[in-house]
Amino acid sequence: MASIQITNLSKTYPGASGPSVADINLSIRDGEFIVLVGPSGCGKSTLLRMVAGLEDITGGEIHIGDRLVNRVDPADRDIAMVFQNYALYPHMTVRENMAYGLKNRKTPAAEIEARVAEAARMLELRPYLDRKPRALSGGQRQRVAMGRAVVRQPAAFLFDEPLSNLDAKLRVSMRGEIRRLQKRLGTTSLYVTHDQLEAMTLADRLVVLNGGRIEQIGAPLDIYHRPASTFVASFIGAPAMNLLDAEIAGGTLRLGTVEIARIATAAQGPVSLGIRAEDLSIATQGLPFRLDFIEELGAQRLVHGHVEGQPLTLSLSPDIAISDQMHLAIRPGALHLFDTNTGKRLSLPESERQQIHAPA
Amino acid sequence: MTELSHLPATPRTGLRRWYRGRPALPAKRVQFDQPLLPWLFLMPQLAVIFVFFYWPSAQAISSSFYLEDPFGFGATFVGLENYGAALGSGEYRKIAGFTALFTLLVTVFSLGLGLLFAVKADKIIRGRATYRTALISVYAIAPPVAGLMGMMLFDQHIGPFVTLAGWFGWNMQVGIDYWDTAFALVLVSVWKQVPYNFIFFLSGLQGIPASVREAALIDCRNGLTRFRTAILLLLAPTAFFLLIINITYALFDTFAVIDVMVKDKPANNPITLVYKVYSDGFRGNDIGGSAAQSVILMVVVLILTLVQFRWLERRVHYG
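This one's a predicted model, so the numbers in the text were calculated from it and none came from an experiment.

Residues and elements named next belong to chain A. Under the definition given, this model contains 25 salt bridges over all chains. Notably, a salt bridge pairs Glu 161 with Lys 44, separated by 3.9 Å at the nearest N-O pair. Within this pair, whereas Glu 161 is found in the loop between strand 7 (156–160) and helix 5 (168–185), its partner Lys 44 is found in helix 1 (residues 44–52), the two being separated by 117 residues in sequence. Judged by relative accessible area, which is 4%, Lys 44 ranks as buried.

Here it is, written out as C-alpha cells:
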C-alpha cells in the first residue's frame, strides 16, 4: 500500500495538435479511493494508463510510494489493473488466471495457493476455480478480474471502467462489492468512470476531468454542493443542474423580468445561474413556470418546463399536485452563480444574499 | 452454482466430431420444400472433390495392383508386388528419409520465421503497411518461378549465394553435391512459404485483445516468458492450422521448386517422395509402381493428419 503523487503530468500523442492530458497535479493518500470522472475523451483513461505504465509520459512525474515510476516497467510498479472487458486469459482456468501474476513473480506455490483460495472465498468464486472464463457470466468474469488484482496484494488498484460492460442491476451490486472490498483491504485505488453516479457512490474524493485538465477535486458531496464550474455543475448530479442565463444589475439578480435575490456585490452584467432540481418547490408566487412534460421515476417525478423562455427541470414528490402554470420558489442558499464567459464559480458570501421569494 | 453443467456439451465440429464418432448436431435445421434442392447446391463442390480427389485416388489404388504396359497395351495383376518393390528398395527408403528431414526443416523454419516476422511487424507502428506488403509480396510468386529464382541464386557461375558461401570457404555445388542441393531446396521452399505463415500469424496476433496483452504486461515482466505463456498459447489455433498446411506444403507443393532445381542436373540429387512418384511414373513409365508409391504417401499423410488432430488439437484452445 502506498500513496500516489502525480506532478505536472502531461501527455501529447505523436501527431496530435494538443495535449490529451495536461498539468495534472494530484496527491493520493494511502488507502484513498479516488475516482476520475469525465465525459469520453477527457483523458481520464490516458491518465490511469500512465500510472499503470501502459502509456508513455510526455511530461511531469508519477511517484508510487517514494519511488519515481516514470521509467519503471508496468510489471514492476506494484500495481494491479482491472480492465473494462475483463482481459482474462481465455486459455487459463480461473485459478490459473489469478495465479499467473504471482507465478511470474516467483511467489512460493503454497503462498499462491493460499492467496488464491482467500480471494476466491472473498469473491465467492470457489465453485468456478477450475473453469475457463468463457464458461462464466459477465459478473463472474469481472469478479475473476478483481480476484486477479486482489491476490497480487499491490500498492494500488487501478480500475478502468470495470462495470461498463455489465447490465444495470449487476452494476449496482458490483459497485457495492468493489467498495466493500476496497474498504476491507484498504488498498489505494484509482478508478476511472464516465458514470457520475458510480463516481459519487464510490469515491472518497472525486477528480472531475474536462479536456485533459482537472476541473475540480473534492469529496463527492462538496463537489455536488459547490461545483467549481458550469461543466462540473452540469456533469455531476442527475438530473443535471439547471443553468439559466441571468443578470446582475444594481445589486439585484434578475432572471428575465423576475427578481431572484439581492446580492451585495459591485459586479454587473450577465451571469449563469445554477439551481439543482431538488432545490425548487411550488409556491404561490415567484418564478412563473410553464409545464412541458413529466418524467415519473416512482419515488419522485421530474417536471420539465420553461421559466422566462429557458428550460428548467425540478424534482418533486409524486403526491404534489401539478398544474400547467405554476410559480416556483428556490430554497434559500441554493443559488449557484457562474461567470458566463469562463464558466467559473462566482463566490459570494452566504450572508450577502437575500432571497426575494422564500418557499411557501 | 453450476448453472452451465446441465447443458449438453458444445457440439464439436468438422473432423473432430467425425473421428470421435459423435452424432452430428446441425446448428440450425432448415426445411427445404424440394428435398433435392440442397444436393443441387452442393453439386459443384461435390463434383470438384469427386473429379479431382476420389476418382484419381481410386485410379491410383487400382493401378497400384497392376503391372501396366507403358504404352497402354494391357496390364497384369501383380497383387502387392508394387508395394513390396517400393518399400523393399534402398533408394525408396533413402528418399523417404530425406522427405521426412526436408518436411521437418521446411515446416520448422517457415513456421518459426513466419512467427518471428509477424511478431516484429505487429510491433511496428510507423510504415507498417510498407513492411507488411514487402513481407507478403513473396507469396504472389508462383512456385516454379521461385524455383527458377532459386536456381539462379545458387547457380555455379552467376549465383550470389555460391559467391557468398565461397567467402566462408564453402565450395557450394548445388545440383552436384547432395547436401548442397538439399540446403538450396530447403532455403527456397522456406522462403516461398514464410509469407503465407506471416499473414496468418499476423492476423492471429491482431485478434488478441489489446487489454489481454496489457494485462500480461502487468502480470509478467519477462517479454519472452510473457510471449510463451500468454500470447503464443492464444495463437495456438492459428499455429495448429498452419502446422497441417505447412506439412502438406513441404510434402506436396514443393514439387515445382524441386522440379525446376534438380530436373536437368546429374543424378544423385535429393528429391522428395512426391517427386519420385512423378519421375517413376512419367519418366520411368512405371505406372503401377508410381501408383503404389502415391498410395503409400496418401496413407502416410492421412495418418499424420489424424495423429495431429487426435494429439495436438486437444491442447489447442479455441477462444
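Next, the rest of the story.
Take the packing of helix 4 (residues 90–123) of chain B against helix 11 (residues 236–253) of chain B next. Residues and elements named next belong to chain B. Following both chains from N to C, one finds helix 4 and helix 11 inclined at 135°, their axes separated by 9 Å at the closest point. Viewed along their axes, helix 4 and helix 11 adopt a mutual orientation that is oblique. As for the relative orientation of helix 4 and helix 11, their crossing is right-handed in sense. Here helix 4 contributes Thr 99, Phe 102, Thr 103, Val 106, Thr 107, Ser 110 and Leu 111 to the contact with helix 11, which in turn contributes Leu 242, Leu 243, Asn 246, Ile 247, Tyr 249, Ala 250 and Leu 251. A breakdown of the residues in the contact of helix 4 with helix 11 according to their chemical character gives nine nonpolar, five polar and no charged.

A separate point is the pairing of strand 4 (residues 59–64) of chain A. All names here are of chain A. Alignment of strand 1 (residues 4–11) against strand 4, held across five bridges, turns out to be antiparallel. By the bridge assignment for strand 4, Ser 10 is matched with Gly 59. Alignment of strand 4 against strand 5 (residues 67–68), held across two bridges, turns out to be antiparallel. By the bridge assignment, His 63 is partnered in strand 5 with Leu 68. Here strand 4 folds back onto strand 5 in antiparallel fashion, the turn holding two residues, of which Gly 65 has a positive phi close to 65°.

Further remarks concern the packing of aromatic side chains. For the coordinates displayed, the defined rule picks out 24 aromatic pairs over all chains. Ring centres of Phe 231 of chain A and Phe 235 of chain A lie 5.8 Å apart, and the angle between their planes is 10°; on these two criteria the pair is classed as stacked. Of the two residues, Phe 231 of chain A and Phe 235 of chain A both sit in helix 8 (residues 230–235), four residues apart, roughly one turn of that helix. You'll find Phe 231 of chain A and Phe 235 of chain A in the same group, each marked buried. Seen from their ring centres, Tyr 139 of chain B and Tyr 196 of chain B are 5.2 Å apart, and the 45° between their planes marks the pair as tilted. Remark: Tyr 196 of chain B occurs in helix 8 (residues 178–206) and Tyr 139 of chain B occurs in the loop between helix 5 (128–136) and helix 6 (143–153); sequence separation between them is 57 residues. On the basis of relative accessibility, which here comes to 37%, the residue Tyr 139 of chain B falls in the partly exposed class. Among the aromatic residues, those joined into a ring-pair cluster are Phe 33, Phe 157, Phe 159 and Tyr 191 of chain A. Directly above the ring of Tyr 13 of chain A sits Lys 11 of chain A, whose terminal nitrogen or CZ lies 4.8 Å from the centroid.

Parameters and conventions
Residues numbered from 1 in each chain as written. Chains lettered and ligands numbered in written order. Predicted model: local features only at pLDDT ≥ 70, side-chain atom pairs only at ≥ 80, totals over all residues. Heavy atoms only, no water. Salt bridge = Lys/Arg side-chain N within 4 Å of Asp/Glu carboxyl O. Helix = DSSP H or I, 4+ residues; strand = E, 2+ residues; numbered from the N terminus. Buried < 20%, exposed > 50% of the residue type's maximum accessible area, 1.4 Å probe, protein only. Axes fitted to C-alpha atoms, helices over the stretch in contact; angles between N-to-C directions. Parallel < 35°, antiparallel > 145°, perpendicular 65-115°, else oblique. Left-handed = near helix turned anticlockwise from the far one by under 90°. Contact = heavy atoms within 4.5 Å. Nonpolar A, V, L, I, M, F, W, Y, C, P; charged D, E, K, R; others polar. Pairing = 2+ DSSP bridges. Phe/Tyr/Trp six-rings, centres within 6.5 Å; stacked < 30°, edge-to-face > 60°. Lys NZ or Arg CZ within 6 Å of the ring centre and 35° of its normal.

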